[in-house]
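Structure at a glance
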Amino acid sequence: MRTIRDTSLISVATALTLALAMSITPAHAQTAADAALDMANMLDGAGGGVSGDALLAALENAAEAGQPMAMWQLGTMYENGEGVAKDPAKAFGYFAQIANEHADAAPRGVESDIVAQSFVKVGDYYKEGLPDAGIPADAERSHALLLHAATYFGDADAQYRVGLLYLNADELGVNPLQSARWFSLAARKGHCPAQAQLGRLLFNGVEGIEAQPIEGLMWLNLAQQRCTGTADAAWINDLINQANSIATPEQQGEATKLATSIAPQFAGF
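What you see is a predicted model; the values in this text were computed from it and never measured.

The subject of this paragraph is the state of the cysteines. Inspection of every chain in the model, using the stated rule, returns one disulfide. Between the sulfur of Cys 192 and that of Cys 227 lies a disulfide, 1.8 Å long from S to S. One disulfide, between Cys 192 and Cys 227, carries an S-S torsion of 85 degrees and so falls in the right-handed class. Highlighted residues: Cys 192 in helix 10 (residues 192-204) and Cys 227 in the loop between helix 11 (213-226) and helix 12 (233-246), separated in sequence by 35 residues.

Turning our attention to the pattern of salt bridges. As enumerated under the stated definition, the model contains four salt bridges in all. A salt bridge links Lys 127 to Glu 171; the nearest nitrogen and oxygen atoms lie 3.7 Å apart. One end of the pair, Lys 127, is in helix 6 (residues 112-128); the other, Glu 171, is in the loop between helix 8 (156-165) and helix 9 (176-187), with 44 residues separating them in the sequence. By sharing partners, the salt bridges in this structure join Asp 124, Asp 157 and Arg 161 into a single network.

The predicted model of the protein chain averages 83 in pLDDT, with 80% of residues at 70 or higher. A low-confidence stretch, residues 1-29 (pLDDT under 50), is modelled with 37 contacts involving residues beyond four sequence positions or located in other chains. Here residues 42-51 is a poorly scored stretch, pLDDT under 50, and it has 11 contacts once near neighbours within four places are set aside; other chains count.

Further remarks concern the packing of helix 10 against helix 11. Running from N to C, helix 10 and helix 11 cross one another at 160 degrees; their axes reach a closest spacing of 7 Å. Here helix 10 lies roughly antiparallel to helix 11, going by the angle between them. Relative to helix 11, the crossing made by helix 10 is left-handed. Between helix 10, through Cys 192, Gln 195, Ala 196, Leu 198, Gly 199, Arg 200, Leu 202 and Phe 203, and helix 11, the contact on the second element is made entirely by Pro 213, Glu 215, Gly 216, Leu 217, Trp 219, Leu 220, Leu 222, Ala 223 and Arg 226. Taken together, the residues of the contact of helix 10 with helix 11 break down into 11 nonpolar, three polar and three charged.

Taking 1.5 Å as the rise per residue, helix 6 with 17 residues should run 24 Å; its terminal C-alpha atoms sit 25 Å apart, in good agreement. Most of helix 6 sits inside the fold, with 14 of its 17 residues counted as buried. One or two positions beyond helix 6, positive phi appears at Gly 129, with a value near 85 degrees.

With 40 residues, the main nonpolar core has Leu 74, Tyr 78, Phe 92, Phe 119 and Val 122 as its most contacted residues. Where this core is concerned, the elements lending two or more residues are helix 3 (52-64), helix 4 (68-80), helix 5 (88-101), helix 6, helix 7 (139-151) and helix 8. The element contributing the most residues to this core is helix 6, with eight residues. Core analysis: the next-biggest nonpolar cluster, separate from the first, contains 17 residues, Ala 187, Ile 209, Leu 222 and Ile 262 among them.

The next point concerns the packing of helix 10 against helix 12. Where helix 10 contacts helix 12, the two axes come as close as 10 Å, and the packing angle between them is 25 degrees. By the angle class used here, helix 10 and helix 12 are roughly parallel. Crossing of helix 10 over helix 12 shows left-handed handedness. Contact residues: helix 10 offers Cys 192, Pro 193, Ala 196, Gln 197, Arg 200 and Phe 203, while helix 12 offers Trp 235, Ile 236, Leu 239, Ala 243 and Ile 246. Across the contact of helix 10 with helix 12, the residue classes tally to nine nonpolar, one polar and one charged.

Right, let's talk about the packing of aromatic side chains for a bit. What describes a pair of aromatic rings is the distance from one ring centre to the other and the angle between the planes of the rings. As enumerated under the stated definition, the model contains eight aromatic pairs in all. Pairing Phe 119 with Phe 153 gives two aromatic rings, centres 6.1 Å apart and planes at 40 degrees, and the pair type is tilted. With Phe 119 in helix 6 and Phe 153 in the loop between helix 7 and helix 8, the pair connects residues that are 34 residues apart, well separated along the chain. The burial state of Phe 119 is the same as that of Phe 153; both residues are buried. Ring centres of Tyr 152 and Phe 153 lie 4.8 Å apart, and the angle between their planes is 90 degrees; on these two criteria the pair is classed as edge-to-face. Tyr 152 sits in the partly exposed class, given a relative accessible area of 32%. Feature note: the residues Phe 92, Tyr 125 and Tyr 126 constitute an aromatic cluster, connected by ring pairs.

Quick notes on the rules
- Residues numbered from 1 in each chain as written.
- Predicted model: local features only at pLDDT ≥ 70, side-chain atom pairs only at ≥ 80, totals over all residues.
- Heavy atoms only, no water.
- Disulfide = S-S within 2.5 Å.
- Helix = DSSP H or I, 4+ residues; strand = E, 2+ residues; numbered from the N terminus.
- Salt bridge = Lys/Arg side-chain N within 4 Å of Asp/Glu carboxyl O.
- pLDDT = per-residue confidence, 0-100.
- Contact = heavy atoms within 4.5 Å.
- Axes fitted to C-alpha atoms, helices over the stretch in contact; angles between N-to-C directions.
- Parallel < 35°, antiparallel > 145°, perpendicular 65-115°, else oblique.
- Left-handed = near helix turned anticlockwise from the far one by under 90°.
- Nonpolar A, V, L, I, M, F, W, Y, C, P; charged D, E, K, R; others polar.
- Expected span 1.5 Å × (residues − 1).
- Buried < 20%, exposed > 50% of the residue type's maximum accessible area, 1.4 Å probe, protein only.
- Core = buried A, V, L, I, M, F, W, Y, C linked by side-chain atoms within 4.5 Å.
- Phe/Tyr/Trp six-rings, centres within 6.5 Å; stacked < 30°, edge-to-face > 60°.

This is the structure:
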């Protein structure tokens, strides 16, 4: 285990401990993943010029002590090459450690989102395989990890991804009813891409789902509002433009009223 030998590193480690404690009850109803990012940003200048090596060492010490937030931050650093050399194998190791050690954590616990997203990330690595870490591509295992995050933890992003899998014959097989079910679970948690996909299915109707243009447009409107400025905005705008080109003015007006009436319930997401 790495030991702390200098005062600058001690100050970073102390700050890290305080940050982890403070992030348990974040001020803005943020997720634990958000808290971990805020923690890293705060500590980036801790001690008035503490080196990146000292910060890395402090995070490693916290990770070795079993702090999921520190493991998560290290995993994302190595995954994206932020402050360290990009190393997918190390990133996988940290995410897998979180998943392995906290698979049965309380579904609505303080750090449940980090655990759930770690399952999602490990699943992504298994989907493509990671030869440098001795991880072969394994679609079945990837699906199982994603389903654990979606079912046990009720993670909205995982539920959305499962919905997509049920639209692909090469994944879980095409099953629009199952897809709509998973999109609905995520959409009601404020996940705007899921809202858009649910809206598309409801607006057009598919086998087993009768077309519901007003409700479909409502979800598309909500998705467009909530995803503005994100990477998903363009394809969601395309969906709603296509729907509006078919819908009657009456349907459009009713859908807008419905979207306006229920939009406040997603304000906290």
